[in-house]
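Observations on chain architecture
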Amino acid sequence: MKEKEPVNFTVLDLLSLELKEHNDLKLQCTAGRAGLSREISVPDLNRPGLALAGFYDSFAWERLQIFGRGESAYLHKIEEDGVAAQIYEKLFSYQIPCCIFTNGIRPTDLFVSNAEAVGCPVLITELNSMELSIRIIRILHDIFAPKMIMHGVLVEVFGIGILLTGESGVGKSETALSLIERGHRLVADDVVEIHCLNGSLLMGQGTNKVIGHHMEIRGLGIINVTHLFGVGAIRDKKQIQLVIQIEDWDPKKVYDRIGTDELTMEILGVKIPKLEIPVKPGRNLAIIIETAAMNERLKKMGYHSAREFNQNILRWLESESARTMFFSRDDY
Amino acid sequence: MVELETTIKNRAGIHARPSALIAQTAIKFASRIYLEKEGNQINAKSIMGIITLAASFGAKIKIIADGADEQEAVKAIAELFESGFNEELG
């Protein structure tokens, strides 16, 4: 388990993202292509109104600069007044990652030539400023989210994302195969990339589209799960809601026999419920995992079976002792 | 814990067969064994994990072993790299 180092994310990377429908940024680069390798170091936006007006204290130059209707109108005004040249010079003296013009408004030729001169990318989108801001912040926060890679198999069982962990050879992949055959889904085998979103949500996915959804089974080799079981047997990403540690049965170890132990595992600062399941020849792991998933669902709905069981017992013991007391009294 | 840096010497890089060789060798040892490339660490006993490293010809790999037989583990795996996995050298 090792945390991945922050990735170098450039403006070109932003343009190359494969985004669909409600995530699509509709960005196009109109100028400053030389600067597409500029790095986006913070997942934040800035409207450079104050800077354009001449106030550069606390100018957030490391952020993406958004030029909305207001900013574009101001640019036209300063060009008309003839003061634009030095304002552009001061603006572009900072290493801005890029300038994004919204509402499909094209920047002026003077702006573009100044941008080209320093190699600052100029992008245009037809989205309005608010929509663009919402989408970009969502996307950037996902990219800059703390990530790590874990060794294990991520499956989705009855809607619950379960991360199977354990030593190599203990049977994680074989158990996953059994679950797939029963109608559940494989998300990632062996190398699981985990992102922490909003500080509380763990999203797991495979690391590599090329080898994604392939599994290595001893004796069979590498199999393509999508081809063998169909597209309904796979999933690209899933929230991790339960960790199941599969281990060889250790006769000296005390396993949870009641179900109230509430073990957790901490991943990227988030505590995930953990179960330790011992393996022995003949034990059907798949059904145990299915039951664990259903139990987890029940807990989410508010029914904690093991606790309720104990409370019922306590109540029954109370009523039993009351009855025996009654029958043992000598007042006949 | 023992670490050793090595380079990929065979032309094709680490594709499925070399990955299987590394995993089969690694699993014989009790120690935890990792391969590291550019800061990414993966479990050397997992074939899929090694393939994900995308280690091509000339790439620098760090072999890390932690456990009772760490010395032998690192030596055995380093030997695999040195011999180019019995494939054509680059």
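Residues numbered from 1 in each chain as written. Chains lettered and ligands numbered in written order. Predicted model: local features only at pLDDT ≥ 70, side-chain atom pairs only at ≥ 80, totals over all residues.

Comments concerning the overall build of chain B
Looking only at helices and strands, chain B features three helices and four strands. Along chain B, helices (α) and strands (β) appear in the sequence β-α-β-β-α-β-α when read from the amino end. Projected onto its principal axes, the C-alpha positions of chain B cover 35 × 25 × 20 Å. Taken over 90 residues, chain B has a buried fraction of 38%. Within chain B, counting contacts between residues at least 6 apart in sequence, those at least 24 apart form 73% of the total. (Helix = DSSP H or I, 4+ residues; strand = E, 2+ residues; numbered from the N terminus. Buried ≥ 20, exposed ≤ 12 C-beta atoms within 10 Å, placed from the backbone. Contact = placed C-beta atoms within 7 Å.)

Concerning the pairing of strand 6 (residues 122-125) of chain A
Successive side chains on a regular strand alternate, one facing one side of the sheet and the next facing the other. Residues and elements named next belong to chain A. Burial along strand 6 is two-sided: the face carrying V122 and I124 and the face carrying L123 and T125 are both buried. The pairing of strand 2 (residues 27-31) with strand 6 spans four bridges and is classified as antiparallel. Within the sheet, the bridge partner assigned to C29 lies in strand 6 and is L123. Bridging between strand 5 (residues 99-101) and strand 6 involves three bridges; their strand directions are parallel. By the bridge assignment, F101 is partnered in strand 6 with I124. Each parallel crossover has a hand, and for strand 5 linked through helix 5 (residues 109-118) to strand 6 it is right-handed. (Pairing = 2+ DSSP bridges. Right-handed = clockwise from strand over helix to strand, strands pointing away.)

A closer look at the interface of chain B and chain A
Contact residues are listed per partner, giving 14 residues for chain B and 16 residues for chain A. Elements with a minimum of two residues in the side of chain B that touches chain A: strand 3 (40-43) and helix 2 (47-52) of chain B. Ranked by residue count, the leading element in the side of chain B that touches chain A is helix 2 of chain B, at five residues. Tallied by class, the residues present in the side of chain B that touches chain A amount to six nonpolar, seven polar and one charged. (Nonpolar A, V, L, I, M, F, W, Y, C, P; charged D, E, K, R; others polar.)

Quick look at the nonpolar core
In this structure, V155, I162 and A176 of chain A together with A44 and I50 of chain B are the most contacted members of the largest nonpolar core, which totals 57 residues. Contacts of I50 of chain B, omitting those with residues within four sequence positions, involve I14, S19, I22, A23, L35, I42 and A44 of chain B. Listed in part, the 27 residues of the second largest apolar core include L64, L91, L127 and L132 of chain A. (Core = buried A, V, L, I, M, F, W, Y, C linked by C-beta atoms within 7 Å.)

Points about the sheet that holds strand 3 of chain B
All names here are of chain B. The four strands are arranged 1-4-2-3 in an open sheet whose pairing can be described as antiparallel. Because the sheet does not close on itself, it has two edges, and the strands there are strand 1 (2-7) and strand 3. Between one strand axis and the next, the sheet turns by 25° as a mean value, whatever way the strands run. Pairing geometry for strand 1 and strand 4 (residues 60-66), over six bridges, is antiparallel. Within strand 4, the position partnered with L4 by the bridge is I63. (Axes fitted to C-alpha atoms, helices over the stretch in contact; angles between N-to-C directions.)

Here we look at the domain arrangement of chain A
Entries for chain A in the domain assignment read domain 1 (6-143) and domain 2 (149-306). One C-alpha centre belongs to domain 1 of chain A, the other to domain 2 of chain A, and the line joining them spans 43 Å. (Domains from an automatic or database assignment.)

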